[in-house]
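For reference, the chains in residue letters:
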Amino acid sequence: MRRKIIGYLFPLPLLILILVIFLYPLLSTVRYSLYDIPFGAKEGPFVGPQNYRIIFGEPVFWQGFKNSIIWALGNLALQLTIPFGIAIVLNHRLKGINFVRATVLIPWIVPAVVVAICARWLLLPTMGPVNYYLIKSGIITHRLNFLGSLGLAMPTLIALNSWKFFPFGTLLILAALQTIPVELYEAARVDGANPWQCFTRITFPLVGRMVWFIGFLVFVWNYNIFDLIWLTTKGGPGNTTQTLPVLIYRRAFKTFRPGEASSIAVIIVIFLAALGLVYFKLLAPKKEERVIV
Amino acid sequence: MNIRRPVELSMDYLVVAIVLVGVLSPFVYAAFSSFKPLKEIMTVRPAFFPHQPTLKNYQTLLLARTPIRNFPLFLYNSFKVSLGTALFTLALACLGGYGLARYRYPGKELLARMMLFIYVFPTILLLIPVYKMFSHFNLLDTHFALIIVYTALAAPFCTWLLNSFFRGIPAELEEAAMVDGAKGLTIFFRIVFPLAAPGILTAGAYAFITAWGEYMFALVLLMTSARRTAPLGLATFTAEQYIEWGPLLAGSWLIILPIVVCFLPLAKHFIKGFVAGAVKG
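Note that the structure is a prediction, hence the values are computed from the model and not measured. (Residues numbered from 1 in each chain as written. Chains lettered and ligands numbered in written order. Predicted model: local features only at pLDDT ≥ 70, side-chain atom pairs only at ≥ 80, totals over all residues.)

**As for the overall build of chain A**
Line of reasoning, step 1. Secondary structure assignment for chain A yields 14 helices and zero strands.
Line of reasoning, step 2. Mapped in sequence order, the helices and strands of chain A form the string α-α-α-α-α-α-α-α-α-α-α-α-α-α.
Line of reasoning, step 3. Projected onto its principal axes, the C-alpha positions of chain A cover 75 × 75 × 35 Å.
Line of reasoning, step 4. Expressed as a percentage of its 293 residues, the buried residues of chain A come to 41%.
Line of reasoning, step 5. Restricting to contacts in chain A with at least 6 residues of sequence separation, those with at least 24 account for 68%. (Helix = DSSP H or I, 4+ residues; strand = E, 2+ residues; numbered from the N terminus. Buried ≥ 20, exposed ≤ 12 C-beta atoms within 10 Å, placed from the backbone. Contact = placed C-beta atoms within 7 Å.)

Below, the structure is given as C-alpha cells:
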C-alpha cells in the first residue's frame, strides 16, 4: 500500500503542472468563449453563444477554416511521403549513416524565427538568391513573389514548413521501420524479391498501421502551427495564409476580442477531437486484417 | 551479408546526397552571406562566396547596441530561460519517468496516455488563459513565467524519454544497493543517475532547445524590450521600416550555433530515445 502511494507521488509535480498549464486553460477557454470580456478586464457579461454566432457569420473565419485544412493536408502530404522514402534509406546500413541521421534532424531544431528570416531573404522577389538561381537554371522565366502573391504564398509556406518538420516524420517512420527484423528482407532477397516487392509485401503491411497513426499526429501538429506563418506572412497576402491559429492570435492580441478568439479555439478543439474519433474509430485499419496493396 | 546490388546502393547514396544538400545548403548559403557587405547581400546577381568578406554585420549586431536593440542581452536572456527550463524539466521528468518505470499502480496507463495527449494539444489555445493566469499572479513580463510554460511544453516528452531509459536499468542493481544499506536518494544519484546519464543529457538538451527557439509565448508574455529572448528580439528587427538583412543573417547564425553544437554530439542518443519511445507509444 505504501509503495502504491509513493508510486503516485513521483509523477505528481508533473501532473500538477499539466493540470495548471494544459487542463485548466482548456476549461477556462470554454468559459471565456461564453463571455464578452473586454481585453485587460477580468470579467465581462455572460453572453451565451453570441461569440459563436459572430464567428460563424464571418467570412474571414470560414476562410481561415478552409486555409487550415489546406495547410494541414498539404503539409501532411509532403511530410508523410518524402519522409517515408528518406526513412527507408536511413534504415539501411550505409557508411556514415549516423552522421546523416543526425544532420537530417537539424531543420527541426532550428528555431522558426531563423527559418522565417532566412526564407524571407532567400525568397525576396528582386534581390532574392532563390529567384536568381531559378532563372539562371531556366526553371522559371520571370521573378516570382513567393511570399507576396495570392496564389503562391500558401504553397510556398507549406513547402517551407514541411522542410522544417520533415525530420519529425522521418524519425517516427524510421522508428516504425526498425521494428521490422532485417532477416525478413534478407530472406525475401534470397527468394529473388526486388526492392519494390520488398516494400509492398513486407514494409507496408508491417508498418502501415503505425504510419496511419503517425499521419494523425503530423496532421494535428501542423494544424496547430502559428509561429512560422506569423513570422513570414502574418496571414497575408489578403488572408490567403491566415489559418485559424493565426486568426486566434489576431483576435485576442491585435483586435482585442478574447471572447471571440476563445470560441475559435473551442471550435478547433471540437473539430480535432471529432476528426480523431472518426479517424481512429471508423477509418482505422483493423489489427488482424493486414493492409495489403 | 550485404546482398543488395551496387545499383541499389548507389541509389541510396544519391538520396542521402540530395537530402544533405537540401538540408544544409540554405544554412551554408546564409552563413556565407552573413560575412558579405550589404552591397553583396542586396544584389540582383548574388554569389555563393563573399567577394570582400567582412565582420561588419556581426559588429553592427553585437556592438551597436540601443536599449531596444541589445542582441547580446537577448542572447543572455535566452540562455537564462533555456537553462532554467532544462533544470526544471529534468527535475520533473526524472521523478515522473522513474516513478513510471519502477512502480505499478492503477491509473498509470492513463498517465502515460496523457503525455501523448499533450502532443496533439493545440498550444494556441493556451495563449489567452495563460496570459490571464500570469497577469493574475503578477508574473507577466518575467522570465519565470516563460520557464514555467516551457517546462510544461518539454516535460511530458522528456518524462517519456527518461521512462524508457530508466526501464533499461535493471531493478536488481538498486535492490542490491538497498541490501547494502543505501537510502533512496543515494541510490538514485549513485546508481540510476550515472547509468541513465545519456538519457538525462538528451532530455536536458531537448528542453533547452525547446526553450531556446520558442517564439509564440515569448511574444505574448514579455513586454519590456530588455527582457526579450533572442528569437523575439530578432523578430522585432524585421518589423522595422528598413530591414537590415546583414545583421539579421548574423543574428540567425548566432542563434543556431549553440544548439547545433550542443545537439549534434547527442543526436545518437536522442534518436535512440525517440525511437524507443515512439515504438512503445
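**Section: the overall build of chain B**
Line of reasoning, step 1. When helices and strands are tallied, chain B shows 14 helices and zero strands.
Line of reasoning, step 2. Put simply, chain B runs from its N terminus to its C terminus through helices and strands in the order α-α-α-α-α-α-α-α-α-α-α-α-α-α.
Line of reasoning, step 3. If you line up chain B on its principal axes, its C-alpha atoms span 70 × 65 × 35 Å.
Line of reasoning, step 4. Counting only residues that meet the buried cut, chain B has 44% of its 281 residues in that class.
Line of reasoning, step 5. In chain B, 77% of the contacts between residues at least 6 apart in sequence involve partners at least 24 apart.

**A word on the confidence of the model for chain A**
Caution applies to low-pLDDT regions: their predicted coordinates should not be interpreted in detail.
Residues and elements named next belong to chain A.
Line of reasoning, step 1. Per-chain confidence: chain A averages 89 in pLDDT, with 96% of residues scoring 70 or above.
Line of reasoning, step 2. The secondary-structure element of chain A with the lowest mean pLDDT is helix α1 (residues 2–9), recorded at 76, while helix α12 (residues 227–232) shows the highest, at 96.
Line of reasoning, step 3. Across residues 288–293, where pLDDT falls below 50, the model places eight contacts with residues more than four positions away in sequence or in other chains. (pLDDT = per-residue confidence, 0-100.)

**Here we look at the packing of helix α10 (residues 197–213) of chain B against helix α13 (residues 245–263) of chain B**
Residue and element names in this part refer to chain B.
Line of reasoning, step 1. Running from N to C, α10 and α13 point in directions that differ by 165°, and their axes come no closer than 11 Å. One finds that α10 runs roughly antiparallel with respect to α13. Read as a crossing pair, α10 and α13 show a hand that is left-handed. The segment α10 lies against α13, with Ala 205, Ile 209 and Trp 212 engaging Ile 259, Cys 262 and Phe 263.
Line of reasoning, step 2. Class assignment for the residues of the contact of α10 with α13 results in six nonpolar, no polar and no charged. (Axes fitted to C-alpha atoms, helices over the stretch in contact; angles between N-to-C directions. Parallel < 35°, antiparallel > 145°, perpendicular 65-115°, else oblique. Left-handed = near helix turned anticlockwise from the far one by under 90°. Nonpolar A, V, L, I, M, F, W, Y, C, P; charged D, E, K, R; others polar.)

**As for the interface of chain B and chain A**
Line of reasoning, step 1. Chain B puts 73 residues into the contact, and the matching count from chain A is 73 residues.
Line of reasoning, step 2. Take the side of chain B that touches chain A: its biggest share by element is eleven residues, from helix α1 (residues 6–33) of chain B.
Line of reasoning, step 3. Considering only residue class, the side of chain B that touches chain A consists of 60 nonpolar, nine polar and four charged.

**Here's the deal with unusual backbone geometry**
Line of reasoning, step 1. Of the consecutive residues Gly 236 of chain A and Pro 237 of chain A, the connecting peptide bond is found in the cis state with omega at -10°.
Line of reasoning, step 2. Phi is positive for Phe 256 of chain A, close to 55°, though the residue is something other than glycine.
Line of reasoning, step 3. For Phe 256 of chain A, the location among the structural elements is in the loop between α13 (244–253) and α14 (258–282).
Line of reasoning, step 4. The phi angle at Asn 138 of chain B is positive, at roughly 55°, despite the residue not being glycine.
Line of reasoning, step 5. Its location among the elements puts Asn 138 of chain B in the loop between α6 (127–136) and α7 (143–167).
Line of reasoning, step 6. A residue is classified by how many C-beta atoms lie within 10 Å of it, and Asn 138 of chain B, with 9 of them, is exposed.

**Structural notes on the nonpolar core**
Line of reasoning, step 1. Counting residues in each nonpolar core, the largest one holds 157 residues, and the members touching the most others are Val 149, Cys 158 and Leu 162 of chain B.
Line of reasoning, step 2. Among all residues touching Val 149 of chain B, those that are not within four sequence positions of it are Ile 21 of chain A together with Val 130 and Phe 217 of chain B. (Core = buried A, V, L, I, M, F, W, Y, C linked by C-beta atoms within 7 Å.)

**Things to note about the confidence of the model for chain B**
All names here are of chain B.
Line of reasoning, step 1. Summarising the model, chain B shows a mean pLDDT of 87, and 96% of its residues fall at 70 or more.
Line of reasoning, step 2. Mean pLDDT across the elements of chain B ranges from a minimum in helix α14 (residues 267–280), with 72, to a maximum in helix α11 (residues 216–221), with 96.
Line of reasoning, step 3. Our summary of model confidence lists the complex with pTM equal to 0.92 and ipTM equal to 0.91.

**Some details on the packing of helix α3 (residues 56–63) of chain B against α13 of chain B**
All names here are of chain B.
Line of reasoning, step 1. Direction vectors running N to C along α3 and α13 enclose 80°, while the axes themselves pass 8 Å from each other. Regarding the angle of α3 to α13, the classification is roughly perpendicular. Contacts between α3 and α13 involve Asn 57, Tyr 58, Thr 60 and Leu 61 on the former and, on the latter, Gly 246, Pro 247, Leu 249, Ala 250 and Gly 251.
Line of reasoning, step 2. Its residues assigned to classes, the contact of α3 with α13 shows five nonpolar, four polar and no charged.

**A short note on the environment of Arg 201 of chain A**
Line of reasoning, step 1. Among the secondary structure elements, Arg 201 of chain A is positioned in helix α11 (residues 195–223).
Line of reasoning, step 2. When the C-alpha positions of Arg 201 of chain A and Pro 38 of chain A are compared, they lie 60 Å apart, and in sequence the two are 163 residues distant.

**Here we look at the environment of Asn 145 of chain A**
Residue and element names in this part refer to chain A.
Line of reasoning, step 1. Looking at the element boundaries, Asn 145 is found in the loop between α8 (129–136) and α9 (153–177).
Line of reasoning, step 2. Given 17 C-beta atoms within 10 Å, Asn 145 falls into the partly exposed group.
Line of reasoning, step 3. When the C-alpha atoms of Asn 145 and Gly 128 are compared, they prove to be 9.6 Å apart, with 17 residues separating the residues in sequence.
Line of reasoning, step 4. Setting aside residues no more than four positions away along its own chain, Asn 145 makes contact with Pro 125 and Leu 152.

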